[in-house]
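# Fold and contact review
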Amino acid sequence: MVHFIGIKGSGMASLAWILNDMGESVKGSDIEKFIFTQKPLEERNIKITTFDADNIQEDDTVIIGNAFDESNPEVKKAMSLKHGRVYRYHEYLGKLVDQYTSISVAGCHGKTTTTSMMAHLLGAVAPTGYLIGDGRGDMEKDAHYFVLESCEYKRHFMAYHPDYAIITSIDLDHVDYYKDLDDYKQAFIDFAHQVKKHVIVFGDDKNIQEMDFGKEVIKYGFEEHNDVRCINFSEDENGMKFDVLIHGKEYGHFELP
């Protein structure tokens, strides 16, 4: 049995129903107040209770939401288990990533949008799972790809060793944790070092241009130095149109509503 402490959290709820759909027995606890993320849980008949140490059983696999510490009675009980398997949310995701061809989407701005678009596109190619920080997630049967929004807060994304990573932007955030912009940039550099294959970055970002990722990266953007370029861009009330060049060669014309 997999027990989620804080199961209504946006990422936690998505992970819970993903594991349920994969055939795991899932339950969880949280506050009583209705949160929109619980609807898909209820549709799957996943049991949700209030916090109580008695909810934690010795043989449970426990996943702890990042918002909770040992002042929570269930967290305190989980930490005392002799044989239980206890993970923080991002730690368990790190294990799940290794089972698929994985794509992490990181950066200060644009993670949710980029993850959504990547999941949609890959789903047209092969069975694809995804987990997005706004409370959406899915794991198709026999999924080949897994796309996940990867948060840099407290360096949580360091739990992931994906096959590929996209870094959309660098702009100092989470100032309650990061000392300064250099500290923030270093976190992304360290993350890039543990990506197994390719790192794709937004090459027009001035902060990214100043960073040495210690490996060859693929750059995308509007400017001429990028490997993948958007040109002839236009936007109106019907959407956007543009052409894509890859290493200077025409790849295709795109119209997005």
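Above this note sits the structure.
A brief structural summary. (Residues numbered from 1 in each chain as written. Predicted model: local features only at pLDDT ≥ 70, side-chain atom pairs only at ≥ 80, totals over all residues. Heavy atoms only, no water.)

Attention now goes to the pairing of strand β15 (residues 249-256). Across seven bridges, strand β14 (residues 239-246) lies against β15 in antiparallel orientation. Following the sheet pairing, Met240 is matched in β15 by Leu256. The loop that links β14 with its antiparallel partner β15 comprises two residues; one of these, His247, has a positive phi angle of about 50°. (Pairing = 2+ DSSP bridges. Helix = DSSP H or I, 4+ residues; strand = E, 2+ residues; numbered from the N terminus.)

Strand order in the open sheet formed by ten strands is β8-β7-β9-β6-β10-β11-β12-β13-β14-β15, and the pairing between neighbours is mixed. The strands lining the two open edges of the sheet, one partner per strand, are β8 (136-139) and β15. In this sheet, neighbouring strand axes are inclined to one another by 15° on average, regardless of whether the strands run parallel or antiparallel. Pairing geometry for strand β6 (residues 101-106) and strand β9 (residues 145-149), over five bridges, is parallel. By the bridge assignment, Ser102 is partnered in β9 with Phe146. Seen against the sheet, helix α1 (residues 10-21) touches β7 (128-132) and β8 and runs at an angle of roughly 20° to β8. Contacting β6, β7, β8, β9, β10 (164-167) and β15, helix α5 (residues 111-123) crosses the sheet at an angle of about 170° to β9. (Axes fitted to C-alpha atoms, helices over the stretch in contact; angles between N-to-C directions. Contact = heavy atoms within 4.5 Å.)

Turning next to the state of the cysteines. Covalent bonding between the sulfur atoms of two cysteines is what defines a disulfide. Taken as a whole, this structure holds zero disulfides when the rule is applied. Not engaged in a disulfide, the cysteine Cys108 finds its nearest cysteine sulfur in Cys151; these two sulfurs lie 9.9 Å apart. (Disulfide = S-S within 2.5 Å.)

Another point: the sheet that holds strand β4 (residues 61-64). The five strands are arranged β3-β2-β1-β4-β5 in an open sheet whose pairing can be described as parallel. Two strands lie at the open edges of the sheet, namely β3 (47-49) and β5 (85-88), each paired on one side alone. For this sheet, the mean angle separating the axes of adjacent strands, direction not counted, is 20°. Here strand β1 (residues 2-5) pairs with β4 via four bridges, running parallel.

A word on the pairing of β4. The alternating pattern of β4 places Thr61 and Ile63 and Val62 and Ile64 on opposite faces, both of which are buried. In this fold, the crossover linking β4 to β5 by way of helix α3 (residues 73-79) has right-handed handedness. (Buried < 20%, exposed > 50% of the residue type's maximum accessible area, 1.4 Å probe, protein only. Right-handed = clockwise from strand over helix to strand, strands pointing away.)

Before going further, it helps to spend a moment on unusual backbone geometry. Glycine aside, the phi torsion of most residues is negative, and most peptide linkages are trans. One non-glycine residue, Asn45, adopts positive backbone phi at about 60°. Checked against the element boundaries, Asn45 lands in the loop between α2 (38-43) and β3. Located in the positive-phi region is His247, a residue other than glycine, with phi close to 50°. Tracing the backbone through its elements, the reader meets His247 in the loop between β14 and β15. Classification of His247 by relative accessible area gives exposed; the value is 61%.

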